[in-house]
Amino acid sequence: LAQKYDPQKEAELRTWIESVTGQQIGPDFQKGLKDGVILCELMNKLQPNSVRKINRSAQNWHQLENLSNFIKAMASYGMNPVDLFEANDLFESGNLTQVQVSLLALAGMAKTKGLQSGVDIGVKYSEKQQRNFDEAKMKAGQCVIGLQMGTNKCASQSGMTAYGTRRHLYDPKNQILPPMDHSTISLQMGTNKCASQVGMTAPGTRRHIYDAKMGTEKCDNSSMSLQMGSNQGANQSGQVFGLGRQIYDPKYCPQGSQGEVANAAGDQSGDPPGYHYYREEESY
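Values in this document were obtained by computation on a predicted structure and should not be read as measured data.

A. Local environment of helix α4 (residues 60-77). For α4, built from 18 residues, the straight-helix expectation of 26 Å at 1.5 Å per residue is met to within 8% by its first-to-last C-alpha distance of 26 Å. Listing the buried residues of α4 in full gives His62, Gln63, Asn66, Leu67, Phe70, Ile71, Ala73, Met74 and Tyr77. Tucked into the core, α4 has its buried residues touching α2 (29-34), α3 (37-46), α5 (87-91) and α6 (96-112). Immediately downstream of α4, the backbone of Gly78 shows phi near 115°, a positive value.

B. Just the nonpolar core, in detail. Core analysis: the biggest nonpolar cluster contains 37 residues, and Trp16, Leu33, Met43, Phe70, Met74, Leu103 and Leu106 have the highest contact counts within it. If we skip the residues at most four places from it in the chain, Leu103 touches Leu13, Trp16, Ile17, Phe29, Leu33, Leu39 and Phe70.

C. Summary view of the packing of helix α1 (residues 7-21) against α6. Running from N to C, α1 and α6 point in directions that differ by 50°, and their axes come no closer than 11 Å. If you check the angle between α1 and α6, you find them oblique. The crossing of α1 and α6 is left-handed. Along the contact surface, α1 presents Lys9, Glu10, Leu13, Trp16 and Ile17, while α6 presents Gln100, Leu103, Leu104, Leu106, Ala107 and Ala110. In the contact of α1 with α6, the residues fall into eight nonpolar, one polar and two charged.

D. Spotlight on the pattern of salt bridges. As enumerated under the stated definition, the model contains three salt bridges in all. One salt bridge connects Glu41 with Arg56, and the closest N-O pair in it is separated by 2.9 Å. Of this pair, Glu41 sits in helix α3 while Arg56 sits in the loop between α3 and α4; the two residues are 15 residues apart in sequence, bridging distant segments of the chain. Of the residues examined, Glu41 reaches a relative accessible area of 17% and is grouped as buried. You can call Arg56 exposed: its relative accessible area is 59%. One salt bridge in this structure joins Lys139 and Glu135, with 3.5 Å as the shortest N-O distance. Of the two residues, Lys139 and Glu135 are both situated in helix α7 (residues 135-140); the distance of four residues between them amounts to about one turn of the helix.

E. Representation of the environment of Thr21 in the model. The topology assignment puts Thr21 in helix α1. On the accessibility criterion, Thr21 (13% relative accessible area) is buried. Distance in space between the C-alpha atoms of Thr21 and Met43 is 9.1 Å, their sequence separation being 22 residues. In contact with Thr21, not counting residues within four places along its chain, are Ile38, Glu41, Leu42 and Lys45. Polar contacts involving the side chain of Thr21 include one to the main-chain carbonyl oxygen of Ile17, which spans 2.6 Å. Engagement of the side chain of Thr21 in a polar contact is seen with the backbone nitrogen of Gln23, the distance being 3.4 Å.

Conventions adopted
- Residues numbered from 1 in each chain as written.
- Predicted model: local features only at pLDDT ≥ 70, side-chain atom pairs only at ≥ 80, totals over all residues.
- Heavy atoms only, no water.
- Helix = DSSP H or I, 4+ residues; strand = E, 2+ residues; numbered from the N terminus.
- Expected span 1.5 Å × (residues − 1).
- Buried < 20%, exposed > 50% of the residue type's maximum accessible area, 1.4 Å probe, protein only.
- Contact = heavy atoms within 4.5 Å.
- Core = buried A, V, L, I, M, F, W, Y, C linked by side-chain atoms within 4.5 Å.
- Axes fitted to C-alpha atoms, helices over the stretch in contact; angles between N-to-C directions.
- Parallel < 35°, antiparallel > 145°, perpendicular 65-115°, else oblique.
- Left-handed = near helix turned anticlockwise from the far one by under 90°.
- Nonpolar A, V, L, I, M, F, W, Y, C, P; charged D, E, K, R; others polar.
- Salt bridge = Lys/Arg side-chain N within 4 Å of Asp/Glu carboxyl O.
- Polar contact = N/O pair within 3.5 Å; in protein donor to acceptor, adjacent residues only side chain to side chain.

Here's what the structure looks like:
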């Protein structure tokens, strides 16, 4: 806060206060305004009788009372509460930056109210511009749609078709003629108009895809597609339920007729030629 204190603004405030009150502040700005006498005189110049009693005693509580009366007078003069300072900010040098801001705001308020002084200091407050419109102008403004909001005021459904029907988009200026019929299906919508089930097979049956122009003809009904599963043409020939199935290799099977194989199977004393088997010994 101390770094924000502007010595140039202090010199301007000193010149302005001395020109309005006609009193000298002295070399030290803080000590010259500490007792609150000059500040109370300043408020009486800006707004007569705003501070009715000014204590000129050197006692601390009298000086603090002068500063409190000055702050109350600034609030009644029209100052914003955020622009005011506290008595200790000036009396104890607690926040001289806020004191400087308050005095600059007071100079701006005085300029706004038309105070003429030889020092141009402070920023003039903005004035309220009151405008009065007649009833006709107020009603005309009710149909104006702001660009920063959405509204459906003054909207209607004139020209709208029934819900669910198609609307053709065309522009005569761009040589886009209206549609000639009502069976045209737009690419921007979905419809089942003019659709039928002609050529459709029963659900679950296969449909062969072929093209006579490309020489792709359908062959037979037993062809299985690679993209589906089928049991067409299958049977149970050779299937045995519940019985074991022997797996053998002709390299290890006996060579000869069926009779020789049967006799070799009945004779367990010797090994048949070309046939080797293993016999497990019984353990007692």
